[in-house]
Amino acid sequence: MRSTPGAARLYILGVSVCAAFCALPALTPGAGTPWGTLALLAPLCLVCELPARHPALGRSLPVGAGSFFPLLLAAAFLLPPAAAVLVSIPGSLAGRVEQPPFTARRVWRAAQLALTVGAASWAYAFLGGPGSLGGGGGGAAPGLPYALLPACAAALVFSTVLAALDGGILATAERVPLRHAWRGLHASVGPHLVHALAGLMMAVLWRSPYGPVSALVVLLPMYISCWVFAQYHRQHAAHRATIRALVQAVDIKDGYTRGHSERVGRASELIARELGMAERRMEALRFAGILHDVGKLGVPTRVLRKDGPLTPEERRIIELHPEYGHEIVRGIGFLDEARAAILHHHERLDGSGYPYGLSGAAIPEFARVVAVADAFDAMTSTRSYRPGRPVPAAVEELERCAGSQFDPRMVRALARALDRHGWSAAATAVTSDEEASRPPRQRLAPPREPAPGPADRPGRPR
């Protein structure tokens, strides 16, 4: 734990001591701890973790304690709080850790989950949850639907305590500002409610006349569902990494537009939200905005960075970048409609755009959105050769060009979104050139002949 910051070590120590005190009553002689149930649940948690440690299996199976959250919640329902604290410790200490410090991470995870499960079990007991499970000596039936209330309450406590402890370790170990450490505190409430329902099913079967063996039947589908969920998130992370790599390549090649892609993606998402698009389409549109200039990778660097006006031949070369971009992303299946936006975001409503001179409704909807977002960011972003326009002036220019260059519906949607949400100063800062930090030899000279109208660089196609 030497590489762990001092504040983080104290925080981990404090959480570990609290977990130990919570578990102490279960270890006291005469406490009546149900050791048989505990002896079955704790090894099951350990078994759920062990496959992830295998080099081959670890890449495809759920990794980390999230793979047995339903089992932990079942333990919170079946055991008193002090005993429930002990269930997660073997699996957490034996679980896979991918980054150092390994010991600190294992100890932290064990203490965090012990406290979280204990808090969930306390909330469940406080609302009379154990009595609603049924079973026991009298063979009573489970008290449904009331049993759902304490189970859902336990899931809310589980999610809140887990997120709060996570925020604390982010603030102490990674120096994340407090205002960001607990952002999205309840983002995982939904999955934890699903885990709680699965855990409740397991607990009811455990207490039924069929006993623990029937409860184990629930464990396999729970684990498979967690595997599917983990695979989805792994795939989503791969998508984001692919996009990030492409954007970084464009930013390196064309320093004038560094940061432009992310801002266009953000503006496109604002428009999509205002238009009421479905969540899946909004994400695809954000990807389209981020990747709209990826075709610049196919444009010679000498043309992109040329000082002064372009020749007609150089302009024709730059105007090929939408087609280059479409070819680059053609095989990336998850981009879906985004590919059409990358190809057509320079088309104009009056048919005078490029590369195909489409007009009106023939221009794909995503392309019409990205065209407005692209022009808006180009006008409001400060470049080394000219200051950015104020947001109201940029919106006024978009409205002036609506109907000829831009889709009026998209312009109105952006105007409404800006009125509602604003446009942060960070989004329009000088992130593209970073002139203050560049050595003189690396600074790019401004073009010599500015051109009127919304443009990313004067005299050049965006």
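See the structure shown above.
Predicted, not measured: the structure shown is a model, and the values here were computed from it.

Rules and cut-offs
Residues numbered from 1 in each chain as written. Predicted model: local features only at pLDDT ≥ 70, side-chain atom pairs only at ≥ 80, totals over all residues. Heavy atoms only, no water. Helix = DSSP H or I, 4+ residues; strand = E, 2+ residues; numbered from the N terminus. Contact = heavy atoms within 4.5 Å. Core = buried A, V, L, I, M, F, W, Y, C linked by side-chain atoms within 4.5 Å. Buried < 20%, exposed > 50% of the residue type's maximum accessible area, 1.4 Å probe, protein only. Axes fitted to C-alpha atoms, helices over the stretch in contact; angles between N-to-C directions. Parallel < 35°, antiparallel > 145°, perpendicular 65-115°, else oblique. Left-handed = near helix turned anticlockwise from the far one by under 90°. Nonpolar A, V, L, I, M, F, W, Y, C, P; charged D, E, K, R; others polar.

A. Broad picture of the environment of Gly-388. Examined against the element boundaries, Gly-388 turns out to sit in the loop between α18 (365-380) and α19 (391-401). Through-space distance from the C-alpha of Gly-388 to that of Asp-377 is 9.0 Å; in sequence the pair is 11 residues apart. Beyond its immediate chain neighbours, meaning those up to four positions away, Gly-388 contacts Met-379, Thr-380, Ser-381 and Thr-382.

B. Layout of the nonpolar core. Counting residues in each nonpolar core, the largest one holds 55 residues, and the members touching the most others are Leu-41, Leu-71, Leu-72, Phe-77, Leu-79, Val-87 and Met-202. Mapped by element, the contributors of at least two residues to this core are α1 (6-27), α2 (35-53), α3 (69-78), α4 (81-87), α6 (102-126), α8 (148-173), α10 (189-207) and α11 (212-253). If near-sequence neighbours (up to four positions away) are discounted, Leu-71 is found in contact with Leu-41, Leu-44, Cys-45, Cys-48, Met-202 and Leu-219. Counting 46 residues, the second largest nonpolar core, distinct from the first, contains Ile-243, Val-250, Ala-284 and Leu-418.

C. Broad picture of the environment of Gly-131. Positionally, Gly-131 belongs in helix α7 (residues 129-132). With relative accessibility at 68%, the residue Gly-131 sits in the exposed group. It is 7.8 Å that separates the C-alpha atoms of Gly-131 and Gly-143, two residues lying 12 residues apart in sequence.

D. Fine view of unusual backbone geometry. Here the amide bond leading from Leu-144 into Pro-145 is cis, since omega sits at 5°, within 30 degrees of zero. One can find Pro-145 in the loop between α7 and α8. Cis geometry marks the peptide bond from Tyr-354 to Pro-355, where omega comes out at 15°. Inspection of the secondary structure puts Pro-355 in the loop between α17 (338-344) and α18.

E. Summary view of α3. Extensive coverage of α3 is indicated by the burial of 10 of its 10 residues. Every buried residue belonging to α3 is among Phe-69, Pro-70, Leu-71, Leu-72, Leu-73, Ala-74, Ala-75, Ala-76, Phe-77 and Leu-78, and all of these are buried.

F. Focus on the packing of α18 against α19. Here α18 crosses α19 at 140°, and the two axes come no closer than 9 Å. By the angle between their directions, the pair α18 and α19 is classed as oblique. For the element pair α18 and α19, the recorded crossing hand is right-handed. Across the interface between the two elements, Val-372, Ala-375, Phe-376, Met-379 and Thr-380 of α18 pack against Val-391, Ala-394, Val-395, Glu-397 and Leu-398 of α19. For the contact of α18 with α19, a count of residues per class yields 8 nonpolar, 1 polar and 1 charged.

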